[in-house]
Amino acid sequence: MRQELLSLPKGLAEEVSKNLVMVARLIDEDPEQAYAYSRIALRLASRVAAVREAAGFAAYATQKYSEALAEFRAAKRMTGSVELWPVMADCERGLGRPERALAMAGEPEVQKLDKAGQVEMRLVAAGARRDQGQLEAAIVTLQSPELASNAVQPWTARLRYAYADALLAAGREDEAREWFGKALEADKDGATDASDRLAELDGVEFVDAAIDPSDDEDRDGTQNLVDDDDEDEDDDEDDEDAAEIAAAERATDVTEYYDEDDEEYEPLEQSAADAEVRGDKA
């Protein structure tokens, strides 16, 4: 990404970089805010592949699948890389077109993916099968050497979890319990809720013991530990973020349109009439 930004003037590259950092920082905890930052970066440097990719993931995180797909296609065209192929197929699922996702799963691009990408494509294809009500086909799709392997890879927990979930949907509860357990064994980072799913299958109920911060006192009469000053600071930070986004948008406020043929955001040319009117006013 740094190499791509070097093609921009220094000041512009720094501004774009700051917005991309905010996208990466917020995309999991506040996807809408991340999306807002991605739009700023897109206005500043729509011809940079890393910007198009970041904008695609931000749109994807906010379920704007049509927009995400357009950005991913643009990034793929710019770089020639196929690494975004699985998430592009998942966008097709999000748009209610599982048949297109399955068609993409059979394209030559899949063979060019690394192992992680191929596993991701398998997960998307299985999801597309389930979208079409083909549970058994989804189960078969997930059965693979990667699933059978005892080695734990970054994708292992998610693959086992998807398999367990498909088994459960098909009514194969005992097998599902076994695979949720295997998913939990591989899930060192808590990427899935396999432990909760196992507890549900075993009839275990959890009681939320969290204290409601809106209460002035706990049940035992002691004062809660929520600091009102901390809440005020959080509100101030949110206001600052909103003001920063608004200021950046005003600074880069260029009327644009989306060219579907080129999949690019282009500035809308000022008409001669508008220019003449402005000249008269001056």
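Quick caveat, the model's predicted, so the values are computed rather than measured. (Residues numbered from 1 in each chain as written. Predicted model: local features only at pLDDT ≥ 70, side-chain atom pairs only at ≥ 80, totals over all residues. Heavy atoms only, no water.)

A short note on the overall build of the protein chain
Here is step 1 of the chain: The helix and strand tally for the protein chain stands at 15 helices and 2 strands.
Here is step 2 of the chain: For the protein chain, contacts bridging at least 24 residues in sequence account for 51% of all contacts bridging at least 6.
Here is step 3 of the chain: Accessible surface, the protein chain: about 17100 Å² in total, of which carbon and sulfur atoms supply 45%. (Helix = DSSP H or I, 4+ residues; strand = E, 2+ residues; numbered from the N terminus. Contact = heavy atoms within 4.5 Å. Areas by Shrake-Rupley, 256 points an atom, 1.4 Å probe, with all protein chains shown as cover.)

Comments concerning the layout of surface pockets
Here is step 1 of the chain: As a volume, the largest pocket reaches approximately 420 Å³.
Here is step 2 of the chain: In terms of lining residues, the largest pocket is bounded by 19 residues, among which R93, L123, V124, R158 and A162 are the most central.
Here is step 3 of the chain: Looking at which element gives the most residues to the lining of the largest pocket, the answer is helix α8 (residues 115-131), with 6 residues.
Here is step 4 of the chain: For the lining of the largest pocket, a count of residues per class yields 11 nonpolar, 2 polar and 6 charged.
Here is step 5 of the chain: Looking at the second largest pocket, the residues that line it are A105, V110, Q111, K115, Q118, V119, M121, R122, A125, T141, P145 and E146.
Here is step 6 of the chain: Looking at the lining of the second largest pocket, the elements with two or more residues in it are α8 and α10 (145-148).
Here is step 7 of the chain: Looking at the lining of the second largest pocket element by element, the count peaks at 6 residues for α8.
Here is step 8 of the chain: Looking at side-chain class alone, the lining of the second largest pocket contains 6 nonpolar, 3 polar and 3 charged residues. (1 Å grid on protein atoms, 1.4 Å probe; cavity = no way out; pocket = protein on both sides within 12 Å on 5 of 7 lines; lining within 4 Å. Points joined across faces, edges and corners; volume = space filled by probe spheres on them. Nonpolar A, V, L, I, M, F, W, Y, C, P; charged D, E, K, R; others polar.)

Some points on the packing of α8 against helix α9 (residues 135-142)
Here is step 1 of the chain: At a closest axis distance of 7 Å, the pairing of α8 and α9 adopts a crossing angle of 170°. Considered as vectors, α8 and α9 are oriented roughly antiparallel to each other. Contacts between α8 and α9 involve R122, L123, A125, A126, R129 and R130 from the first element and L135, A137, A138, T141 and L142 from the second. (Axes fitted to C-alpha atoms, helices over the stretch in contact; angles between N-to-C directions. Parallel < 35°, antiparallel > 145°, perpendicular 65-115°, else oblique.)

Here we look at helix α11 (residues 156-169)
Here is step 1 of the chain: For α11, built from 14 residues, the straight-helix expectation of 20 Å at 1.5 Å per residue is met to within 8% by its first-to-last C-alpha distance of 20 Å.
Here is step 2 of the chain: Of all the positions in α11, only T156, A157, L159, R160, Y161, Y163, A164, A166 and L167 are classed as buried.
Here is step 3 of the chain: Where α11 terminates, the next one or two residues include G171, which has phi positive at roughly 85°. (Expected span 1.5 Å × (residues − 1). Buried < 20%, exposed > 50% of the residue type's maximum accessible area, 1.4 Å probe, protein only.)

Some thoughts on unusual backbone geometry
Here is step 1 of the chain: Of note in this structure, Q63 is not a glycine but carries a positive phi near 65°.
Here is step 2 of the chain: Position of Q63 among the secondary structure elements: in the loop between α4 (49-61) and α5 (65-79).
Here is step 3 of the chain: The class for Q63 is exposed, based on a relative accessible area of 58%.

Observations regarding the environment of D202
Here is step 1 of the chain: You can see D202 is positioned in the loop between α13 (194-201) and α14 (228-251).
Here is step 2 of the chain: Taking the C-alpha atoms as reference, D202 lies 8.8 Å from R177; in sequence the two are 25 residues apart.

Regarding the environment of L95
Here is step 1 of the chain: One can find L95 in the loop between α6 (85-94) and α7 (98-105).
Here is step 2 of the chain: Judged by its relative accessible area of 32%, L95 falls in the partly exposed class.
Here is step 3 of the chain: C-alpha separation for the pair L95 and Q63, spaced 32 residues apart in sequence, amounts to 9.3 Å.

Points about the packing of aromatic side chains
Here is step 1 of the chain: The full count for this structure, using the stated rule, is 4 aromatic pairs.
Here is step 2 of the chain: A ring pair is formed by Y163 and W179, whose centres lie 5.1 Å apart and whose planes are at 90°; its orientation type is edge-to-face. Of this pair, Y163 sits in helix α11 while W179 sits in helix α12 (residues 173-186), and the two are 16 residues apart along the sequence. The residues Y163 and W179 share a single accessibility class, namely buried.
Here is step 3 of the chain: Just above the ring of Y35 sits the side chain of K64; from NZ or CZ to the centre is 4.3 Å.
Here is step 4 of the chain: A cation over a ring is seen here: K182 above W179, with NZ or CZ 4.1 Å from the ring centre. (Phe/Tyr/Trp six-rings, centres within 6.5 Å; stacked < 30°, edge-to-face > 60°. Lys NZ or Arg CZ within 6 Å of the ring centre and 35° of its normal.)

Notes on the nonpolar core
Here is step 1 of the chain: Within the largest apolar cluster, 29 residues are counted, with the highest numbers of intra-cluster contacts made by F72, W85, M88 and M121.
Here is step 2 of the chain: Sorting the residues of this core by element identifies α2 (10-26), α3 (31-44), α4, α5, α6, α7 and α8 as the ones contributing at least two each.
Here is step 3 of the chain: Residue contacts for M88: discarding those within four places in its chain leaves L69, F72, R73, K76 and M104.
Here is step 4 of the chain: Ranked by size, the runner-up nonpolar core spans 21 residues in total, among them A126, I139, L142 and L201. (Core = buried A, V, L, I, M, F, W, Y, C linked by side-chain atoms within 4.5 Å.)

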